Amino acid sequence: MHLNLSTVLLAFAVSLCSSHPNGAPSKSCKSLLPKHKHIRYDETSARIETHIIDGDTINIKISTNNKPFKGFILQVRDENENVIGTFEEGVDYKLMKCHHVTGNSITHKNSHYKQEIVAQWNNQGGLTNLIIKAVVVFDYKHAQELEENVILDYPQVIQIYQ
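Report follows, based on the coordinates.

What counts, and where the lines are drawn
- Residues numbered from 1 in each chain as written.
- Predicted model: local features only at pLDDT ≥ 70, side-chain atom pairs only at ≥ 80, totals over all residues.
- Heavy atoms only, no water.
- Pairing = 2+ DSSP bridges.
- Helix = DSSP H or I, 4+ residues; strand = E, 2+ residues; numbered from the N terminus.
- Buried < 20%, exposed > 50% of the residue type's maximum accessible area, 1.4 Å probe, protein only.
- Polar contact = N/O pair within 3.5 Å; in protein donor to acceptor, adjacent residues only side chain to side chain.
- Contact = heavy atoms within 4.5 Å.
- Disulfide = S-S within 2.5 Å.

Some thoughts on the sheet that holds strand 7 (residues 116–122)
So, step 1. Across the sheet, which stays open at both edges, the four strands sit in the order 1-2-7-4 with antiparallel pairing between neighbours. Each end of this open sheet is capped by a strand with a single partner; those strands are strand 1 (46–54) and strand 4 (86–87).
So, step 2. Where strand 1 and strand 2 (residues 57–64) come together, eight bridges link them in antiparallel fashion. Bridge pairing links Thr50 to Ile60 in strand 2.

Here's the deal with the side chain of Gln144
So, step 1. Residue placement: Gln144 occurs in strand 9 (residues 142–151).
So, step 2. The buried category is assigned to Gln144, whose relative accessible area is 8%.
So, step 3. Separated by 3.2 Å, the side chain of Gln144 and the backbone nitrogen of Ser45 make a polar contact.
So, step 4. Of the polar contacts made by the side chain of Gln144, one reaches the backbone nitrogen of Ala46; its length is 2.8 Å.
So, step 5. In this view, Gln144 contacts Tyr41, Glu43, Thr44, Ser45, Ala46, Ala134, Val135, Val136 and Phe138; residues no more than four positions away in its chain are not counted.

Regarding the environment of Leu152
So, step 1. Here Leu152 is to be found in the segment after strand 9.
So, step 2. Residues Leu152 and Gly55 lie 97 residues apart in sequence; the distance between their C-alpha atoms is 6.5 Å.
So, step 3. Dropping the residues within four chain positions of it, Leu152 is found in contact with Ile52, Gly55, Ile58, Asn123, Leu127, Thr128 and Leu130.

Some thoughts on the state of the cysteines
So, step 1. Per the counting criterion, the structure on display carries one disulfide.
So, step 2. Cys29 shares a disulfide with Cys98; S-S distance 2.0 Å. Taking the torsion about the sulfur-sulfur bond, which here is approximately -75°, the covalent link between Cys29 and Cys98 counts as left-handed. Of the two residues, Cys29 is situated in the loop between helix 1 (5–16) and strand 1 and Cys98 in strand 5 (residues 93–98); the sequence distance between them amounts to 69 residues. Take Cys29 and Cys98: they sit in the same class, and that class is buried.

In structure tokens, the structure reads:
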């Protein structure tokens, strides 16, 4: 079998241009960056919104201002940058396994355009100072890093003794 140089170069070029249509790879767990060649973090239209359901459950929404995105990775971290808690399974994303824990991060299931994703996250350590981190990928060359600090204020329980 004889391969010509143009066939080899074409195969090499295709491998360089591969994106992650089925979600971020586990090697992105620490930095959250997709490692696309020549990607720029110059987008500003994405945002994170949170809705605290109770002291241990938060709905987290990533959305954009009329500019759809293709991919994302989302985590919640503590003040020491440890990935914490777990996400519920969802139809718009898939659970990732980061640092040997399944479900502590989520990513896109496909590369179809999205306007928003909503995920439910569960606090398993009773921590009150949270850092929500995400990277949203609009296309192969444009992305945005997001970070939001959330402080959970647990109500104090007062018992009255008679």
